[in-house]
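Listed below, chain by chain, are the residues.
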Amino acid sequence: MLIVLIISFAIALATCFGLIASAHRHAAWSADHDLDGPQKMHQHVVPRIGGVGIAAGLLASLGVAYWQWPALGNSLAWLLAAALPSFALGLHEDLTKAVSPRRRLVATAFSGLLAWWLLGAKVAPLGMGVVDQVLGFTAVSLGVTMLFVAGLANSVNIIDGMNGLASMCSAIMFAAMTYVALQVGDVFVAAMSVAGVGACLGFFVWNYPRGLIFLGDGGAYLLGFWLSALSLLLVARNPSVSPLLPFTLLAYPMFETLFTMYRRKVIRGRPMTLPDGIHLHTLIYRRLMRWALGRDGSMEPTRGNSMTSPYLWVLSSVSVVPATVFWDNSVAMLVACGVFVLAYLSLYSRIVTFRTPSWMGRFRHSKQVDAEPEQQP
């Protein structure tokens, strides 16, 4: 496992460095030139093809895994084949800016179909009577799995709004999956999860704190597929693992998406696909920036960006840690999900009503400094 981790990290690290060093040659089609969008936090043109580095790290790890465990050859090949549609359409959008969100979601749903068909990755029975009976129908199982994979991929794309946020959260989740997979002796899931850790960290070095390269849609959708497919496989291949593990482990990106849909459609009466600037990570960023600017105006936007992510790393761990410890206990999983939802909603509510929690310490602010009522949900 250590070799897989090192190779994945090294290849992702080197590939991202190469993309940054050669940015002047391909910036016309590979860089993010939009500095004014509602979810844009960077101040300079930055390459948005970090997904290539993630993909290179994962691909190298597949070769190492096959070299160490030849019996995994078919599973490794099927995982690669299933990942291709989601990554390809995401990367195509990064390069052309011409692929609609619907087409990207369809491609990722197709990746979910391939994972279901080739690998047996599917949403397992949840121990809920009628729900399990419905999931027993092949068409339902396939449809729910495709929805889960596509939804999670979109979720990772949504939280990819701050330097180091999506990559470190993904690395934490992959590390948790690695631990659980090793507990049940699942070499395949453990190897591919630790490969995810290495690839994320190799990218993270260049993305945090300065934001020298971005994941882009290709990277976000690839990580989302990798997380969702492996979490489903971990349950499907190991009956001792709680079927609620994927939902608890991935609670942060999943709930961020569900809450965003509810906030946009129900509370604000806007299309769910219309981007806005009031995700939790965006609000925390604004509080940090407005506090600093209200005092002496000295904080650089990039610094405020990077200082936002650690709060969300901690928040995501509220569900990841219990999922790792109580991986075979569904009751504990339900409690952990409930605690996470309450923690998220409490934090969001306090920030939008100008009552920043005291644990955010010196980043508290006054209503006069940060009054922006039109942006409240």
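Look up: the structure comes first, before these words.
The rules we used
- Once a new chain begins, its residue numbering starts again from 1 and follows that chain's sequence as written.
- It should be noted that, the model being predicted, local features are given only for residues of pLDDT at least 70 and side-chain atom pairs only at 80 or more, the latter also being counted only at that level, while totals for whole chains, interfaces and linings use all residues.
- For side-chain calculations, the full set of non-hydrogen atoms in the structure is used, while hydrogens and water are omitted.
- Only DSSP runs of H or I covering at least 4 residues are called helices, and only runs of E covering at least 2 are called strands; the numbering of each starts at the N terminus.
- Expected span, for any helix, means 1.5 Å times one less than how many residues it has.
- Think of it in three bands: with a 1.4 Å probe and only protein chains considered, a residue is buried below 20% of the maximum accessible area for its type, exposed above 50%, and partly exposed in between.
- Residues adjacent in sequence count toward polar contacts only when both atoms are side-chain atoms; beyond that, a polar contact is any pair of N or O atoms within 3.5 Å, and within protein one must be able to donate a hydrogen and the other to accept it.
- Aromatic rings from Phe, Tyr and Trp, with only the six-membered ring used for Trp, were paired whenever their centres fell within 6.5 Å, and each pair was classed as stacked if the ring planes differed by under 30 degrees, edge-to-face if by over 60, and tilted otherwise.
- A pairing counts as a salt bridge when a side-chain nitrogen of Lys or Arg comes within 4 Å of a carboxyl oxygen of Asp or Glu.

Asks: Quick question: what am I supposed to make of helix α9 (residues 187–207) here?
Replies: Spacing of three or four residues puts side chains on the same side of an α-helix, whose turn is 3.6 residues. For α9, with 21 residues, the first-to-last C-alpha span of 30 Å sits near the 30 Å given by 1.5 Å per residue. By the criterion of burial, α9 is predominantly enclosed, with 17 of the 21 residues buried. Regarding α9, its N-cap is D186, as a side-chain oxygen of that residue lies 3.4 Å from the backbone nitrogen of F188 further along.

Asks: Please clarify how the packing of aromatic side chains should be interpreted in this entry.
Replies: Across all of its chains, the model carries 12 aromatic pairs by this definition. Note on F17 and W206: the rings are 5.4 Å apart at their centroids and 35° apart in plane angle, and the pair reads as tilted. One end of the pair, F17, is in helix α1 (residues 2–21); the other, W206, is in helix α9, with 189 residues separating them in the sequence. Taking the relative accessible area as the measure of exposure, F17 reaches 46% and is therefore partly exposed. Between the aromatic rings of F255 and Y344, the centroid separation amounts to 5.1 Å while the plane-to-plane angle is 85°, which identifies the pairing as edge-to-face. Here the residue F255 occupies a position in helix α12 (residues 251–267), and Y344 occupies one in helix α15 (residues 330–352), the gap between them amounting to 89 residues. Each member of the pair, F255 as well as Y344, is classed as buried.

Asks: Got a minute to help me understand the pattern of salt bridges in this structure?
Replies: It is possible for side chains of opposite charge to pair when their charged atoms get near one another. What the rule picks out here adds up to 4 salt bridges. Where R104 meets D217, a salt bridge forms, and the shortest distance between an N and an O atom there is 2.5 Å. Highlighted residues: R104 in helix α5 (residues 101–119) and D217 in helix α10 (residues 216–237), separated in sequence by 113 residues. Of the residues examined, R104 reaches a relative accessible area of 8% and is grouped as buried. With a closest N to O distance of 2.9 Å, R237 and D186 form a salt bridge. One end of the pair, R237, is in helix α10; the other, D186, is in the loop between α8 (165–184) and α9, with 51 residues separating them in the sequence. A residue is classified by how much of its surface remains accessible, and R237, at 38% relative accessible area, is partly exposed.

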